[in-house]
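Architecture and fold: a report
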Amino acid sequence: MDGALRAVDIKVKDGVILSIRPTAAVTPAKLWLLPGVIDDHVHFREPGLTDKADIESESRAAAAGGVTTVMDMPNVVPATTTPNALAEKRALYDKHCHVRYGLFYGITDDNIEEALRIPEEEICGYKVFLGSSTGGMLMNDMEKLKYLLSHTRKVVAIHSEDEDIIRRNREHFLRIHPGDDLGIMFHPMIRSTQACQKATMRALQAFEMVGGNLHICHVTTATELDMIRRVKQGKLPNNAHLTAEACVGHLWFSADDYKILGSLIKVNPAIKSLADRTALRHGLIDGTIDIVATDHAPHLLNEKKGGALKAASGMPSVQYSLLVMLEMMNHGILTLPDIIRLMCENPARRYKLWDRGAIREGMSADFVLVDPHAKTDVERSSILSKCGWSPWEDEMFHHKILTTWVQGVPVWQNS
Ligand code: DOR
Ligand code: ZN
Ligand code: ZN
């Protein structure tokens, strides 16, 4: 598709687009029907962490945000690192999820052989935490990463931060400022640019040797973008495919916002400098970033108290990701076709969801209807995530999501 807006009549049958016919145009276009958003990075917290969130609540928030497919991460309790845990999670998703879903399988130091035996169609990919975050899952052995990359055709998604650098930084700042916590401003200095850079460099070196399908989650720094760009332009083994993801929080906020929002925007990897954010935004346009996702990671407000050491890392975002990107479009940062490429087409292609990501005859009727002339006030009362707060509270977005359909069935209708 060319991403252009057209006046059309769409017929849907059995959840599939049967025909698309031109109709008399209304200018300016009254409402926009866009492909449903595919968010390849969410933490819906089930099983085991349902005080924070659950599949029902978060998938409703996703539907309200125009998201029709989500891919869930394995750092739950029990962690999705065994066939049994995967089966348990799938049963919960089948029962409670309002949108379409895929599940990531978590890699640990000793489950790779078993992980490789999981039938391809049961998972959307493997998740490797090269640096530990919420849940403490960790696997930073590059030989094992190479083994995994060279033995699967599935996406291998990495959380890329270097554990040793983070630990050393933490110890360093605690020596200077002894105590049991550090101010939030220390967060991007502990979870530093160097920590991201080193882990991403090692992963890229592994990838350049063996190929495979490497996906770098939530890129946050200009230096990582430079490395990714270079690798993409270089000579790679056959069947090597590298993609990079940026998350809406890192695209919208910068370190300047810690002053106002404090630990609410504490996430791993940390939100970095304004210069990094500018580089990320350029990366959306020049093709270095392939996918925009959320890393929707709800925590309760009382867990977000404290500073760089004590506050939980992560924030909810799945209900507002499309609105945030449309707002960035209004600011002239990217275009509507860019948004559709980054949030629909590219994730569909990356995860081989051939029925999704565009509005075309024969494809699934996964749509979101947007009113470009109405506004959305982010008020606490309209937040659907179970944690009940948003870093965008009191923001006013200049679009409104009216209806979301999954395979022709409305899963969200704005009143
Ligand atoms: O900030 C984060 N929160 N980063 C992660 O890697 C995990 C996530 C969570 O699950 O809370
Ligand atoms: Zn992560
Ligand atoms: Zn995550």
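Residues numbered from 1 in each chain as written. Chains lettered and ligands numbered in written order. Predicted model: local features only at pLDDT ≥ 70, side-chain atom pairs only at ≥ 80, totals over all residues. Heavy atoms only, no water.

**What about empty space enclosed by the protein?**
Empty space among the atoms can be located by rolling a probe the size of a water molecule over them. The condition is simple: Residues are said to line a cavity or pocket when one of their atoms sits within 4 Å of a point; the points come from a 1 Å grid over protein atoms alone, cavities being sets where a 1.4 Å probe fits but cannot get out and pockets being open sets with protein on both sides within 12 Å along at least five of seven lines. Grid points are joined across faces, edges and corners, and a volume is the space filled by probe spheres set on the points. Residues are sorted three ways: Asp, Glu, Lys and Arg are charged, Ala, Val, Leu, Ile, Met, Phe, Trp, Tyr, Cys and Pro are nonpolar, and all the rest, Gly among them, are polar. Runs of H or I in DSSP of at least four residues are treated as helices and runs of E of at least two as strands, each being numbered from the N terminus.
One pass over the structure, following the stated rule, counts 5 cavities of 30 Å³ or more. Quantified by volume, the largest cavity comes out at close to 100 Å³. Lining the largest cavity we find 15 residues, and of these His43, Ser133, Thr134, Asn268 and Asp295 sit closest to its centre. A class-by-class count of the residues in the lining of the largest cavity yields 3 nonpolar, 9 polar and 3 charged. In terms of lining, the second largest cavity is formed by Cys247, Val248, Gly249, His250, Val267, Thr294, Asp295, Met315 and Ser317. Considering each element in turn, the lining of the second largest cavity owes the most residues, 3 residues, to helix H9 (residues 248-252). Its residues assigned to classes, the lining of the second largest cavity shows 4 nonpolar, 4 polar and 1 charged.

**Observations regarding the side chain of Thr376**
Applicable threshold: Residues are treated as being in contact if the distance between any of their heavy atoms lies within 4.5 Å.
Among the secondary structure elements, Thr376 is positioned in strand S13 (residues 376-377). Residue contacts for Thr376: discarding those within four places in its chain leaves Leu323, Glu395, Met396, Phe397, His399 and Lys400.

**Some remarks on the coordination of the zinc ion (ligand 2)**
Condition: Sites may look incomplete, because water is not among the atoms used; the donor set itself consists of N, O and S atoms within 2.8 Å of the metal (3.2 Å for Na, K and Ca). Exposed residues in this analysis have more than 50% of their type's maximum accessible area, buried residues have under 20%, and partly exposed residues fall in between, with area computed by a 1.4 Å probe over protein chains only.
Every protein donor of the zinc ion (ligand 2) is accounted for by His159 (ND1) and His218 (NE2), and the metal-donor separations fall at 2.0 to 2.1 Å. Separation of the zinc ion (ligand 2) from the zinc ion (ligand 3) amounts to 3.4 Å. Taken together, the residues His159 in strand S8 (residues 155-159) and His218 in the loop between strand S9 (213-216) and helix H8 (222-233) connect sequence positions 59 residues apart. Residue His159 is classed as buried on the basis of its relative accessible area, which comes to 2%. Exposure remark for His218: the relative accessible area of 2% places this residue in the buried category.

**A look at the layout of surface pockets**
Taken as a whole, the largest pocket encloses approximately 790 Å³ of empty space. As for the largest pocket, its lining consists of 36 residues, of which Leu5, Arg6, Ala7, Val8 and Leu33 are closest to the centre. Only strand S1 (8-13), strand S2 (16-22), strand S3 (32-35), helix H13 (336-350) and strand S12 (367-371) provide two or more residues apiece to the lining of the largest pocket. For the lining of the largest pocket, the per-class residue count stands at 26 nonpolar, 5 polar and 5 charged. Roughly 350 Å³ of volume is contained in the second largest pocket. What lines the second largest pocket is a set of 20 residues, and nearest its centre among them are Ile123, Cys124, Lys154, Tyr351 and Leu353. Elements with a contribution of two residues or more to the lining of the second largest pocket: strand S5 (67-72) and strand S6 (100-106). If one sorts the elements of the lining of the second largest pocket by residue count, S6 sits on top with 3 residues.

Remember, this is a structural readout, not a statement about activity or role.
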